[in-house]
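Survey of secondary and tertiary structure
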Amino acid sequence: MKRHIAILLPLVLLSCRSPVRSEERDELGPELPDVERGEFHRPGQPCLRCHDSQGGTEPEMVVAGTIFATPDDKIPVANATVIVVDKLDEFRNVTTNCVGNFYITRDEWENPAFPLRTSITCPDGGGGVMDTLIHRDGACAGCHDGFPSVDSPGWIYCYDSGMSTVTPDPSCPGRVP
Ligand code: HEC
Ligand code: HEC
């Protein structure tokens, strides 16, 4: 009897940890078989659902997202710069990798003071300033998801429709599914 309790207890604790979280994660789907877990995986997804203090996946991130070329294609943009400014005017700059991903870890910015402001600068003059403040969710894709619609500003993009010459980098270790 004692032995059973010892075996069951850790299981119960694990499953109680965060049922909502694990549902959210399941919705994000499996890894692509040809992409390693790391900075190039899961472009366009809300990274912090796994990579924040609750998510428990290293590295812990405070802000993260992905930048695409236009509102109607999901071509990743490399070397775009994201500036995030906090309430106390502290800021961090970060650059996108070849799959358009960027992130700021807890080690890089221990305690940003919300709300945050942000803007992006893309190669060849693209970019934009977001007027809306980020009050809580450091995952850009928490709001920037899918095509632009009444419910969403759409994924983060650099250029207006038809104004992009960006092509995907075939040597990138990550890809957009
Ligand atoms: C569904 C959960 C999930 C999401 C969403 C997710 N990741 Fe991860 N990520 C993981 C797991 C699991 C690992 C492997 C951690 C380990 O090996 O300890 C990982 C590893 C990483 C690593 C570390 C690689 C290393 O070598 O240490 C980086 C960087 C990373 N992810 C970036 C991102 C970025 C950027 C995003 C969003 C675009 C993202 N992840 C979205 C689960 C996720
Ligand atoms: C709380 C929801 C929310 C989050 C989180 C969020 N955004 Fe936004 N974003 C919006 C909305 C709504 C708009 C459209 C209105 C505006 O520009 O403020 C927008 C617009 C933008 C624009 C376009 C501005 C333009 O018109 O050119 C950029 C760039 C942007 N966001 C970048 C980001 C980045 C980078 C992050 C993560 C660091 C982020 N957003 C996180 C809601 C959000």
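First things first, this report covers the structure right here in the doc. It should be emphasised that the depicted structure is a prediction, and the values quoted were computed from it without experimental measurement.

Further remarks concern the site of ligand 1. Close to ligand 1 lie 17 residues; H41, R42, C47, C50 and H51 are nearest. The side chain of H51 places a nitrogen or oxygen atom 2.8 Å from a nitrogen atom of ligand 1. Elements with a contribution of two residues or more to the shell around ligand 1: α3 (48-51), β1 (61-70) and β5 (101-105). Classifying every residue of the shell around ligand 1 by side-chain character gives 6 nonpolar, 7 polar and 4 charged.

Surrounding the iron atom of ligand 2 are the protein donor atoms M130 (SD) and H144 (NE2), which sit 2.0 Å from the metal. Around the iron atom of ligand 2, the 6 donor atoms sit at angles spanning 87 to 179 degrees, and that spread fits a shape best called octahedral. Of this pair, M130 sits in strand β7 (residues 127-134) while H144 is found in the loop between β7 and β8 (156-157), placing the two residues 14 residues apart along the sequence. On the basis of relative accessibility, which here comes to 24%, the residue M130 falls in the partly exposed class. In this structure H144 comes out as buried when scored by relative accessible area, which is 18%.

So, on to the side chain of N101. Mapped onto the elements of the fold, N101 is located in strand β5. In terms of polar contacts, N101 uses its side chain to reach the backbone carbonyl oxygen of E39, at 3.0 Å. Beyond its immediate chain neighbours, meaning those up to four positions away, N101 contacts E39, F40, H41, P43, G44, G65, T66, T95 and T96.

A few words on the site of ligand 2. In the neighbourhood of ligand 2, 17 residues make up the surrounding shell, with M130, T132, C140, C143 and H144 lying closest. At a separation of 3.0 Å, an oxygen atom of ligand 2 approaches a polar backbone atom of D131. Contact between ligand 2 and H144: a nitrogen atom at 2.8 Å from a side-chain N or O atom of the residue. When atom positions are compared with the pocket grids, ligand 2 is found to occupy the largest pocket. Elements with a contribution of two residues or more to the shell around ligand 2: β6 (116-121) and β7.

Glancing now at unusual backbone geometry. Look at the link from E58 to P59: it is a cis peptide, with omega at -5 degrees. Mapped onto the fold, P59 is located in the loop between α3 and β1. Between F114 and P115 the backbone carries a cis peptide bond, its omega angle lying at 0 degrees. Mapped onto the elements, P115 comes out in the loop between β5 and β6. The phi dihedral of R42 falls on the positive side, at around 50 degrees, and the residue is not glycine. Mapped onto the secondary structure, R42 falls in the loop between α2 (19-27) and α3. When its relative accessible area of 22% is taken as the criterion, R42 is described as partly exposed. Unlike most non-glycine residues, N79 shows phi in positive territory, near 60 degrees. With respect to the helices, strands and loops of the structure, N79 is situated in the loop between β2 (73-76) and β3 (81-85).

Quick notes on the rules
- Residues numbered from 1 in each chain as written.
- Chains lettered and ligands numbered in written order.
- Predicted model: local features only at pLDDT ≥ 70, side-chain atom pairs only at ≥ 80, totals over all residues.
- Heavy atoms only, no water.
- Near = heavy atom within 4 Å.
- Polar contact = N/O pair within 3.5 Å; in protein donor to acceptor, adjacent residues only side chain to side chain.
- Helix = DSSP H or I, 4+ residues; strand = E, 2+ residues; numbered from the N terminus.
- Nonpolar A, V, L, I, M, F, W, Y, C, P; charged D, E, K, R; others polar.
- Donors = N, O, S within 2.8 Å, 3.2 Å for Na, K, Ca; no water.
- Tetrahedral: all angles 85-135°; square planar, octahedral: opposite > 155°, others 65-115°.
- Buried < 20%, exposed > 50% of the residue type's maximum accessible area, 1.4 Å probe, protein only.
- Contact = heavy atoms within 4.5 Å.
- 1 Å grid on protein atoms, 1.4 Å probe; cavity = no way out; pocket = protein on both sides within 12 Å on 5 of 7 lines; lining within 4 Å.
- Sits in = over half its atoms within 2 Å of the grid points.

Any functional reading would require information that these geometric values do not contain.
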